[in-house]
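As a plain string of letters, each chain reads:
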Amino acid sequence: MSTNTFPAIIARENSKALLFTSGTAIVSYIAVVRIGLYFFAGPNYGYFRDELYYLACGEHPAWGYVDQPPLIAWLAWLLQHTIGTSLWVLRLLPALAGTATIVLAGFLARELGGRRWAMFLASLAALMAPVSLALSHLFTMNAFDPLLWAAIAYLVVRIAKTGGERLWLVVGALAGITILNKYAVLFWLAGLIIGMGLTPLRSSLRHRWFWLGGVLTSAIAMPNFLWQWGHHFPFLELMHNVRESGRDILLPPLPYLQAQAQMLGFVAALLVPFALLFFFSKAGRPYRALGWAYLIFLGEMMLLRGKMYYVAPVYPIMFAAGAVWMEGATAGKPWIWAKPLLATAMVAVGGIYAPTILPF
């Protein structure tokens, strides 16, 4: 064998090693853990009451319901008429949505300028945050919102980076589907549009593709709006009656913020202020609309006294941005210990919470 072949062999072996230790590979490993949790805990404890309700709604397909948009009922109908509604099947969709959210959080970190560590931290937080474990386990609307919101944010970042204005059509379609899943996204989208007006992304407002995307959103959501209108907006009446009954716990601003940190497991919550530092830095300026969207949405939820988990879908986005800032801030040798310490603490706290959330 010629000695000239040895460098080629070494280079090939090194490329294989890099393939298995790349950011994409690490994100994939974390995603596999979420699938493993599904196989370990998926069918335990029986049906949750909301799951039974959505299955009942699926027996009566419609463009709207008194207390939610129609997408979850349509999914229930689809399961009933295809692969069934056993616990294994019913909880597969939330587990897959949670897995995809983990992947998107990692990829979003990469789009925001992060490297391997940022991708790892973002995807790890999307897995281990207690609220993520909880929402990705049950067949409810809340299982799909984080994935849909992260997908919208990913496309917004791509538009800001590449100027690909036609992607607003895809954003518009996703926004319409997300409205059919849960109405809370309307408040986040309002914050995003205001954020666009305050940042360089305002240039998209001058392009027809943004407005065509808005038309597409409206077209997809319109049948549900017409259903609500035709039935005298029962959803709004229900929300009013719930408030009047005093059923929900209404938190003042500071306890509300504390509840946000608690549902994120405190350690993963550290990435949220880091995300704001990133969005309002020079490096994050092109994507600052997402930072404004979070602040405005959080303010709206506190003002309207929304339940604490209503904010949960936005956190995979914040995890990605916070991980990018963390990676950059700890790049020097004196701070190199901070990254593995944060990751270890995140796993430890998530592990403590996990038995109280997943039916092990």
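In the block above lies the structure referred to throughout.
We now turn to the structure provided with this report.

**Let's talk about empty space enclosed by the protein**
Summary: where empty space remains is shown by rolling a probe the size of a single water molecule over the atoms.
Next, step 1: All told, the structure shown has three cavities of 30 Å³ or more when counted by the stated rule.
Next, step 2: One number sums up the size of the largest cavity: a volume of about 170 Å³.
Next, step 3: Around the largest cavity, the lining is made up of 19 residues, and of these T101, A126, S132, S136 and P146 lie nearest the centre.
Next, step 4: Only α6 (92–111), α7 (116–128), α8 (130–135) and α17 (315–329) provide two or more residues apiece to the lining of the largest cavity.
Next, step 5: In the lining of the largest cavity, the residues fall into 13 nonpolar, five polar and one charged.

**Describing the environment of L92**
Next, step 1: Tracing the sequence through the fold places L92 in helix α6.
Next, step 2: The class for L92 is partly exposed, based on a relative accessible area of 28%.
Next, step 3: Once the C-alpha coordinates of L92 and V33 are considered, the two residues, 59 residues apart in sequence, prove to be 14 Å apart.

**Focus: helix α13 (residues 234–245)**
Because an α-helix packs 3.6 residues into every turn, residues spaced three or four apart end up facing the same way.
Next, step 1: Spanning 12 residues, α13 covers 16 Å between terminal C-alpha atoms, matching the ideal 16 Å at 1.5 Å per step.
Next, step 2: By the burial criterion, the buried members of α13 are P234, F235 and V242. The buried side chains of α13 occupy one side of the element, clustering within an arc of 100 degrees when seen end-on. Those residues of α13 that are exposed and angled more than 90 degrees off the buried face are L236, E237 and E244.
Next, step 3: In this structure, the buried side of α13 is in contact with α12 (208–230).
Next, step 4: Among the residues trailing α13, G246 stands out with phi positive, at a value near 70 degrees.

How each quantity is defined
- Residues numbered from 1 in each chain as written.
- Predicted model: local features only at pLDDT ≥ 70, side-chain atom pairs only at ≥ 80, totals over all residues.
- Heavy atoms only, no water.
- 1 Å grid on protein atoms, 1.4 Å probe; cavity = no way out; pocket = protein on both sides within 12 Å on 5 of 7 lines; lining within 4 Å.
- Points joined across faces, edges and corners; volume = space filled by probe spheres on them.
- Helix = DSSP H or I, 4+ residues; strand = E, 2+ residues; numbered from the N terminus.
- Nonpolar A, V, L, I, M, F, W, Y, C, P; charged D, E, K, R; others polar.
- Buried < 20%, exposed > 50% of the residue type's maximum accessible area, 1.4 Å probe, protein only.
- Expected span 1.5 Å × (residues − 1).
- Arc of directions from axis to C-beta.
- Contact = heavy atoms within 4.5 Å.

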